[in-house]
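Structure assessment
This is what each chain is made of:
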Number of protein chains: 4
Amino acid sequence: MSSNRRYTLSLSCPDRVGIVAAVSGFLAQHKGWITEASNHADAEAGRFFMRQEILADTLPFGLGEFQAKFAPIAAEFGMDWSISDSARKKRVVILVSKQEHCLYDLFARWQSGDLDIDIPCVISNHETFRGFVEWHGIPFHHVPVTPDNKPAAYAKVEQLFNEAEGDVMVLARYMQILSPELCANYPGRIINIHHSFLPSFVGAKPYHQAYTRGVKLIGATCHYVTSELDQGPIIEQDVIRVDHSDAPDDLVRYGKDIEKAVLARGLRYHLEDRVLVHGNKTVVFR
Amino acid sequence: MSSNRRYTLSLSCPDRVGIVAAVSGFLAQHKGWITEASNHADAEAGRFFMRQEILADTLPFGLGEFQAKFAPIAAEFGMDWSISDSARKKRVVILVSKQEHCLYDLFARWQSGDLDIDIPCVISNHETFRGFVEWHGIPFHHVPVTPDNKPAAYAKVEQLFNEAEGDVMVLARYMQILSPELCANYPGRIINIHHSFLPSFVGAKPYHQAYTRGVKLIGATCHYVTSELDQGPIIEQDVIRVDHSDAPDDLVRYGKDIEKAVLARGLRYHLEDRVLVHGNKTVVFR
Amino acid sequence: MSSNRRYTLSLSCPDRVGIVAAVSGFLAQHKGWITEASNHADAEAGRFFMRQEILADTLPFGLGEFQAKFAPIAAEFGMDWSISDSARKKRVVILVSKQEHCLYDLFARWQSGDLDIDIPCVISNHETFRGFVEWHGIPFHHVPVTPDNKPAAYAKVEQLFNEAEGDVMVLARYMQILSPELCANYPGRIINIHHSFLPSFVGAKPYHQAYTRGVKLIGATCHYVTSELDQGPIIEQDVIRVDHSDAPDDLVRYGKDIEKAVLARGLRYHLEDRVLVHGNKTVVFR
Amino acid sequence: MSSNRRYTLSLSCPDRVGIVAAVSGFLAQHKGWITEASNHADAEAGRFFMRQEILADTLPFGLGEFQAKFAPIAAEFGMDWSISDSARKKRVVILVSKQEHCLYDLFARWQSGDLDIDIPCVISNHETFRGFVEWHGIPFHHVPVTPDNKPAAYAKVEQLFNEAEGDVMVLARYMQILSPELCANYPGRIINIHHSFLPSFVGAKPYHQAYTRGVKLIGATCHYVTSELDQGPIIEQDVIRVDHSDAPDDLVRYGKDIEKAVLARGLRYHLEDRVLVHGNKTVVFR
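Residues numbered from 1 in each chain as written. Chains lettered and ligands numbered in written order. Predicted model: local features only at pLDDT ≥ 70, side-chain atom pairs only at ≥ 80, totals over all residues. Heavy atoms only, no water.

What about the overall build of chain A?
- Along the backbone of chain A there are eight helices and 13 strands.
- The dimensions of chain A, computed from C-alpha atoms along their principal axes, are 60 × 40 × 35 Å.
- Counting the 286 residues in chain A, one finds 60% classified as buried.
- For chain A, restricting intrachain contacts to residue pairs at least 6 apart in sequence, the fraction spanning at least 24 positions comes to 66%.
- Of the accessible surface of chain A, which amounts to about 10,800 Å², a share of 51% is contributed by carbon and sulfur atoms.
- Of the side-chain charges in chain A, 30 are positive and 35 negative, and the distance between the mean point of each set is 2 Å. (Helix = DSSP H or I, 4+ residues; strand = E, 2+ residues; numbered from the N terminus. Buried < 20%, exposed > 50% of the residue type's maximum accessible area, 1.4 Å probe, protein only. Contact = heavy atoms within 4.5 Å. Areas by Shrake-Rupley, 256 points an atom, 1.4 Å probe, with all protein chains shown as cover. Lys, Arg positive; Asp, Glu negative; His and termini not counted. Charge placed at Lys NZ, Arg CZ, Asp CG, Glu CD.)

Written out as C-alpha cells, the structure reads:
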C-alpha cells in the first residue's frame, strides 16, 4: 500500500540545455513518481530553478542514497540543491511580543493539522502569552529585551533556537530588531512579517506613515530577515483597501488581517520548500 | 472631560423630503456631536436608511430620555428605528463544531480588544474545544445533535442563548442546520458563515462542488440565517483565487482564510449597528 | 414630470455641532430632494466634509439663487464650498504620449455614455493618435516637447487648455513632467496616473524598480498633480499580483490594465465632485 | 543571431512514470532550449498535462520534422498533443453587438502589439461599429440576427469565420446565443465573456439578478462555448466589490471593467496555448 510521503528536490544552477532531461531522466530511471514539478528560467540572470515532488515509496532507496546517486548530476550542472522528506516535520520556533493575531492564527493552523509542523517553543520579550502557549503544551521562554541587554538577549534567543533544533525562526510581530549577527547566522531561515507593503513605509509605525500619506490601500510583507532592516528577499505580500474614514487605529486593525494571512502563506511556501532565494529576490513555486 | 462613549441611531423609513433635516435638527438642538453619519436612499424601494453615531456625553440626557424625545419624530416619518449605547457590550454566543479557524480567530480579536464584546458562552455539538474555551474563562456547553434529538437539541440551544442573555448567535462553522423555529424566533440575530460565494454552491460540500465546476475563484458568505437554507440576507462576501493545481483539500484550506475574515467583518458590521435589513437584502454602512 | 438633473453640493469646514442640521434644514425648507448624502468628520484635523446630491427640479430656484441663499450658511460655518449642475458637462482635456491603453479606454467610456463628459481636445507630444482622435471628431493638437522648448511647450499646453475652457486636464500616460508653474496654476484640476503603488517607486521606470526589488504585487496611483513629482494627493490606487516568472515587460503589460482602471475610477470620482482635498490628502465619497 | 521565435508544445496523457523524462530527453537530445515549462498531474483524473516553450532556432529542424520525430513518443504515452509556432500569428475573429468596452479594449491591445494577433474581420448583428472597425483597416461584416433568420445567420457567421481562416472566435459581448451546431463544430475555439461569476446568475440580465439577491461582489467569466448555455469550461474569472448604494445600472458599469479584463486575460491564455481542456474543466498554465 502506497503512502503519501514525499521527497522534495529543490535546485538552481546556471541555465543550459539538458537540465530538466537530466533530472527527470534520473527520476524516471529509478521509477520515481513525480506529483508536482515546477521550473523557472530567469533569462536576465541566466539561471534555472526547479522543484520536484516525488512519492517517496516509488523510489527503491532512501534519502541518503538519493543524495549520493544524485550528487554527480548536481556536480555536472553546478547545482545549488537540497532535498527534504515530508516524513520529517519541520521545527518552527515562534517569536512573539504582545499582539495576539499572528500567534492565535499559527496555533489554529497547527492544531487543525493544516500546518504540519512541530513548534518546539515560543520565545517572547513579554510574559503575555505564557499561559496560552503552555496550555497548548508548548514550552514558553521569556527573554526580556531592553536597550542595555540586547547582545545578551539575542545570544539567548540564538541558544534557545539551537537547543530547540529549530529549522526556521518566525517573527510573528516580534517588534524587536534582531542583531545583525543573528540575522547573518541564519540566512533564509528567519521569516518576518512587516506591516507595510514594502518598499513603502520601512521602519517604525508604518500604518501611521500610510495614514499621513493618504494611501488608498495598506499592505503587509513576509520576507526573509537580513541584516538590513526590512530589505530582505520578499516571499509574499498582500493589501487591503482603506479610505479617508479610517483612522490610524483602523489601519492597525485592518492590517492585522493581512499580516496573519500573508505570514501564514509565506511560511507555508517556505516549509514546503517552494521558495528559492537568488540574490535579494525569491522564486516562489506556488 | 469627554469620553469616547457613543450612541448609535439606526433607522429606515419611506423616503421623503426632510428626514435628514429632522434627525440632524433634533441632534443639533440638543448639542449632540455627530462623529459618523451615513445615509442611503433606495430609489427602487422608495426607502431611506440612516445611521448616526453621536458622542454620548455631548447630549444632556441618557438613552431613555433620548428615546422618549425622539419618538415623535420617528412616528411622524414612520421610522423603523433603534438606538444603542457603546457602554453596553453586546453579548455574542458562539456555536462551533470541530473546526478551529473561526473560533481561534474570534477569540484572538476578543482577547486583543479589537472585538469589544462579551462572550457569555460557547455551544458545541462536540467536546473538541471545551479545554480551549474554558481556559479563556468562558463557559462551554456540549449539546450533542443527532438525527433523532434535533428538536430537543435546538430547544436546549435556544434556552442556553436566552439564559446567556445573548444579543447575537454566531455560527462559526457550526455545520448543523438550525430548526426553522429557531431561525424564525431570532430574525437578524443569527449570523452564519457559509463556505461558498452564494448563491453558487448552496448546501453541502460547496468546495467539492466548486472543484467539480472548475471555478477560478472560491468564496465565503456571511449572512443572517432564515428558515430557508443559505438564502438569508447577505452581509459580507469575499473570494480567493485558486487554479487547476488545487485539489478539494486545498480549496478547503484556502477557504478557511476567507471564511474567518468574512465572518469577522460581517460580525463587526452587525455589532456596530452598521447593517440594516430590508426585505432579503442588507444596507451595510461601512 | 421630474428629470434626473442633479445639483451636487460639496463643502468642508471646521467641525462643530449643527453643520448637518443647517445644510439639511436649508434643503428641506426649500423642498430639495436629497438622492445621495455623504459626511466625514476628520477628528485629527478637526474638519468636517460633506457632499449632497439634490434633484434639481425639486428646488424652486436655479443654481444662481441657490448660491445666493446658501452663502450666509456657508459664511456662518466658514465653509469652503462649491455646487455643480449635472446639466453642464465637464470638459476634459486629455494629454497623451504614445501608449494606447488609457486613451482607448477613456474614449470607449465616453462613446458609451458611461463618462458623461465633453472632450474639447486631445494634446500630445507625438502625432501617433491624430488619426484615431480626429476620427472620433475630436480636435488633436501636436505640441512637441524637447529638452530645449519646455517653457514654450507648456505655455502652449496651458493656452490650449484655456481656449478649450477645460475643467480638468488628464495626463493619460503623458510621460512628460509638467512645469511647476503649470501645476501651480491648476491645483486640483490636473489628474495623473502614475504606474506604481505610490509612495513606492517614484519617478522613472517604476516597473523596472519593482522587478529589481522583487515585489509580489505591482500597482498604479491616480493623483492630483502638484509641483512635487508624484507627491500630490492620492485619489485612487490598485494593485495586481505578479510573480518571479514575470519579466519587466510583463509587468509593464499587466500594469496597463491597472493604470487604465485606476485612472478611470479616479477621474469619475473627480467628475462627480466626490473628491475633497485637504492638505495633501483626499476625502473620496464613493 | 538568435531570434525570439518559440515553439509551444502542449500535451496531456494518462499519468505514469517517465513522461517528463521522455519529453525533456527528446528536447535535450536535439539541443532545444526550454524557456518555460509547466506540468500538472491531476491525481483524481489520473492524467498528466504539460506545456513547453522552446526557442525555435536552437532546434536543428522545423515544425514538420519536429512533429514527425515526436510522434513515436506521443504514441507511446497515448498523448493528446499539439505544437504551435509563434512566427504564425493566430487569427482572431471578433463578434460584437452594441457595447464598446470589449471591442475598444481588444483593439487597443492589438494596436499596441500586446496582443500579437491578426484580426481578419469583425462580425456584428448591428452596424454600430462599422466605422470604428474599418478605420482600423479591418473588414466589418453586418450579419443581422432576428428570431426568424437564426439558422441562416449562424451559417453566415460560420462561413465568414471559415473564409477568414479564423483560429478562434471571440464573443466580445455578442449578446446572441449561438446555435448548438455552430458551438459543436468548433470545440475549444469559441470564447465567450459572460457577465456574471458563474455558476451564479446564468442566462439573461445577470447584473439584475445579482442586484435582486443583494450580493456584495459581482463578477465575469471567460469560458469556452459549448452547446449548453454558460456551462462550458471556465478559463478565467474575476470579481469586483459593490454595495447597497449601487443600482443595477452601476453594476452594469462596474461589470464592464471586469468583463474586458477577464476576456483579455482568458484570450491571452488561449492564444499562448496555456489552456488545456479536460472534460468540462481547464488547466491554465499561467
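Section: the relation of the copies chain D and chain C
- For the pair chain D and chain C, the superposition axis carries a translation of 0.0 Å, the fit reaches an RMSD of 0.0 Å, and the rotation angle comes to 180°. Such a turn and shift between the copies fits a two-fold axis.
- When the interface residues of chain D are mapped onto chain C, 100% of them again lie at the interface, so the same face is used by both copies. (Least-squares fit on C-alpha atoms with pLDDT ≥ 70 in both.)

Here's the deal with the environment of Ala-41 of chain B
- With respect to the helices and strands, the residue Ala-41 of chain B is situated in strand E2 (residues 34–42).
- Given the relative accessible area of 18%, Ala-41 of chain B is considered buried.
- Between the C-alpha atoms of Ala-41 of chain B and Pro-14 of chain B, which are 27 residues apart in sequence, the distance is 9.4 Å.
- Dropping the residues within four chain positions of it, Ala-41 of chain B is found in contact with Asp-15, Arg-47 and Phe-48 of chain B together with Thr-35 of chain C.

Focus on the UniProt feature "domain: ACT" (unreviewed entry) in chain A
- Taking the numbering used here, the UniProt-annotated feature "domain: ACT" (unreviewed entry) corresponds to residues 8–88 of chain A.
- For residues 8–88 of chain A, the helix share is 32%, the strand share is 38%, and the end-to-end C-alpha distance is 12 Å. (UniProt positions renumbered as here; feature names shortened; annotations may be inferred.)

Considerations on helix H1 (residues 19–29) of chain C
- Across the 11 residues of H1 of chain C, eight count as buried, placing the element largely inside the fold.
- When we look at burial in H1 of chain C, the residues that qualify are Ile-19, Val-20, Ala-21, Val-23, Ser-24, Phe-26, Leu-27 and Ala-28 of chain C.
- In this fold, the buried residues of H1 of chain C make contact with helix H1 (19–29) of chain B together with strand E1 (6–14), strand E2 (34–42), strand E3 (47–55) and helix H2 (63–77) of chain C.

Comments concerning the environment of His-40 of chain B
- Here His-40 of chain B shows up in strand E2.
- Take His-40 of chain B: its relative accessible area is 9%, and that puts it in the buried class.
- The spatial distance from the C-alpha of His-40 of chain B to the C-alpha of Val-283 of chain B is 8.0 Å, given a sequence separation of 243 residues.
- In contact with His-40 of chain B, not counting residues within four places along its chain, are Arg-47, Phe-48, Phe-49, Val-283 and Phe-285 of chain B together with His-244 and Ser-245 of chain D.
- Of note is the side chain of His-40 of chain B, whose polar atom sits 3.4 Å from the backbone oxygen of His-244 of chain D. (Polar contact = N/O pair within 3.5 Å; in protein donor to acceptor, adjacent residues only side chain to side chain.)

A short note on the interface of chain A and chain C
- Facing 36 residues of chain A, the contacting portion of chain C comprises 36 residues.
- Summed over both partners, the interface of chain A with chain C comes to about 3,100 Å²; 49% of that surface belongs to carbon and sulfur atoms.
- If you sort the residues of chain A by the area they bury against chain C, Arg-213, Lys-216 and His-244 of chain A come out on top, with a joint share of 23%.
- At the surface where chain A touches chain C, the tally comes to six salt bridges.
- Across the chain A-chain C interface, the total number found is 19 residue pairs in polar contact (both at pLDDT 80 or more).
- Every element with two or more residues in the side of chain A that touches chain C is listed here: strand E2 (34–42), helix H7 (206–213), strand E11 (234–241) and strand E13 (281–284) of chain A.
- The element contributing the most residues to the side of chain A that touches chain C is E11 of chain A, with seven residues. (Buried area = accessible area lost by both parts, 1.4 Å probe. Salt bridge = Lys/Arg side-chain N within 4 Å of Asp/Glu carboxyl O.)

Concerning the packing of aromatic side chains
- Scanning all chains against the criterion turns up 50 aromatic pairs over all chains.
- Consider the rings of Phe-26 of chain B and Phe-66 of chain B, whose centres lie 5.4 Å apart with planes at 80°: the pair is edge-to-face. Taken together, the residues span a long stretch of sequence, with Phe-26 of chain B in helix H1 and Phe-66 of chain B in helix H2 (residues 63–77) at a distance of 40 residues.
- Using a relative accessible area of 5% as the deciding quantity, one classes Phe-26 of chain B as buried.
- Given a relative accessible area of 0%, Phe-66 of chain B falls into the buried group.
- Ring geometry for Phe-61 of chain D and Phe-66 of chain D: centres 6.1 Å apart, planes at 80°, overall edge-to-face.
- Between the NZ or CZ atom of Lys-281 of chain A and the centre of the ring of Tyr-211 of chain C, over which it lies, the distance is 3.4 Å. (Phe/Tyr/Trp six-rings, centres within 6.5 Å; stacked < 30°, edge-to-face > 60°. Lys NZ or Arg CZ within 6 Å of the ring centre and 35° of its normal.)

A short note on the sheet that holds strand E6 (residues 122–124) of chain D
Residue and element names in this part refer to chain D.
- Strand order in the open sheet formed by seven strands is E7-E6-E5-E8-E9-E10-E11, and the pairing between neighbours is mixed. A single partner strand is all that each edge strand has here, and the edge strands are strand E7 (140–142) and strand E11 (234–241). Averaged over all pairs of adjacent strands, the angle between their axes in this sheet comes to 15°, without regard to strand direction.
- Bridge analysis of strand E5 (residues 92–96) against strand E8 (residues 168–171) gives four bridges, and the strand direction is parallel. In the strand pairing of E8, Val-93 is matched with Met-169. (Pairing = 2+ DSSP bridges. Axes fitted to C-alpha atoms, helices over the stretch in contact; angles between N-to-C directions.)

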